[in-house]
Amino acid sequence: MHKALDSLLDLLDLEQIEEDIFRGRSRSSVVPRVFGGQVAAQALVAAGRTVPADRHAHSLHAYFLVAGDPGAPIVYTVDRIRDGRSFTTRRVVAVQHGQPIFHLSASFQTYEEGLDHQADMPPAPDPESLPTTEESLPRYAADGTLEPDVVQRVLEAREAVDLRYVDAPPFAFVGEPQPPRSQVWFRTRGKLADDPLLHVCLATYVSDMTLLDSVLLAHGRGGWAVGDVVGASLDHAMWFHRPFRADEWLLYDQESPSTSGGRGLGQARIYTQDGQLAITVIQEGVVRVPR
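What this report covers is the structure whose coordinates are included nearby.

Definitions and cut-offs
Residues numbered from 1 in each chain as written. Predicted model: local features only at pLDDT ≥ 70, side-chain atom pairs only at ≥ 80, totals over all residues. Heavy atoms only, no water. Phe/Tyr/Trp six-rings, centres within 6.5 Å; stacked < 30°, edge-to-face > 60°. Helix = DSSP H or I, 4+ residues; strand = E, 2+ residues; numbered from the N terminus. Buried < 20%, exposed > 50% of the residue type's maximum accessible area, 1.4 Å probe, protein only. Axes fitted to C-alpha atoms, helices over the stretch in contact; angles between N-to-C directions. Parallel < 35°, antiparallel > 145°, perpendicular 65-115°, else oblique. Left-handed = near helix turned anticlockwise from the far one by under 90°. Contact = heavy atoms within 4.5 Å. Nonpolar A, V, L, I, M, F, W, Y, C, P; charged D, E, K, R; others polar. Pairing = 2+ DSSP bridges.

What to know about the packing of aromatic side chains
In total, this model carries four aromatic pairs according to the counting rule given. Ring centres of F186 and Y252 lie 6.1 Å apart, and the angle between their planes is 70°; this geometry places the pair in the edge-to-face category. One end of the pair, F186, is in strand β8 (residues 181-188); the other, Y252, is in strand β10 (residues 250-260), and 66 residues separate them in sequence. Y252 sits in the buried class, given a relative accessible area of 0%.

Structure below.
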């Protein structure tokens, strides 16, 4: 297993300090705050550990309240809101320095048969034909678009995940507005255990990496990597439709229907490589132009 993936899995293996109370650590990120995808994934781990094994996560709704401190542990408290015959609901509050920084509601369901249809998977090239992050990002340091230390921090933040842009990332189009759409392929850098909760939590972790790219593309803004906007996640919602594996290629098809009031909205669908719609994601974030 890739060393960075092993480190990420260790990060998601929360310490239980009391019944329904867990403690997690943080890792460094591109910006001096806890990566939102990490908090969301850890909170889902905490919720999942209080749910029967035959019930799988089907949705989550979360709010990022305060920027997390990467130098301090995060305590996750789980409220057992409801245990029904088919559905289980949990609420998780993440706390640092005595202050809530994140709130998550998650629902779990037993498997059942039912009606089935889905939106078709959009066209996308074979992920193996695309350059890796390690191959594509250094060129932006070479041409002066990004500072070399920024490229290094981005590579370190994503080293547990093989993430490949179908087209260039937003910082390649500074000053050149593009259609508000973005696609990436991703998978973990190594095989994972068969635990469905683990795959859902890793997809949650990755889902916060690029979802607002389409907002930046629409306005020709490179994002926090080049300092021409200030951004932060506000809320995040996911619906898990069908089984998938985070260690196999997933297409993250993203778009932005609206930006206004200092906020940008991103929505996306995540497909397995064989065309199954696995996840729907919606996120709103702060997108401000510095004065």
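Re the packing of helix α2 (residues 36-48) against helix α6 (residues 196-210)
Contact geometry for α2 and α6: axes closest at 7 Å, N-to-C directions at 160°. Considering their axes alone, α2 and α6 lie roughly antiparallel with respect to each other. Handedness of the crossing formed by α2 with α6: right-handed. Of the residues in α6, those in contact with G36, G37, Q38, A40, A41, L44, V45 and G48 of α2 are L197, V200, C201, T204, Y205 and D208. Per-class residue counts for the contact of α2 with α6 are eight nonpolar, five polar and one charged.

What to know about the environment of G114
Among the secondary structure elements, G114 is positioned in the loop between β6 (99-110) and α3 (133-136). With a relative accessible area of 58%, G114 lands in the exposed category. Each C-alpha atom of the pair G114 and L234 lies 34 Å from the other, and the pair is 120 residues apart in sequence.

Let's talk about the pairing of strand β3 (residues 55-64)
Across nine bridges, the pairing between β3 and β6 is antiparallel. Bridge pairing in β6 links A57 to F108. Relative to strand β9 (residues 230-240), β3 runs antiparallel, the two being bridged by five bridges. The residue of β9 that forms the bridge with Y63 is D235.

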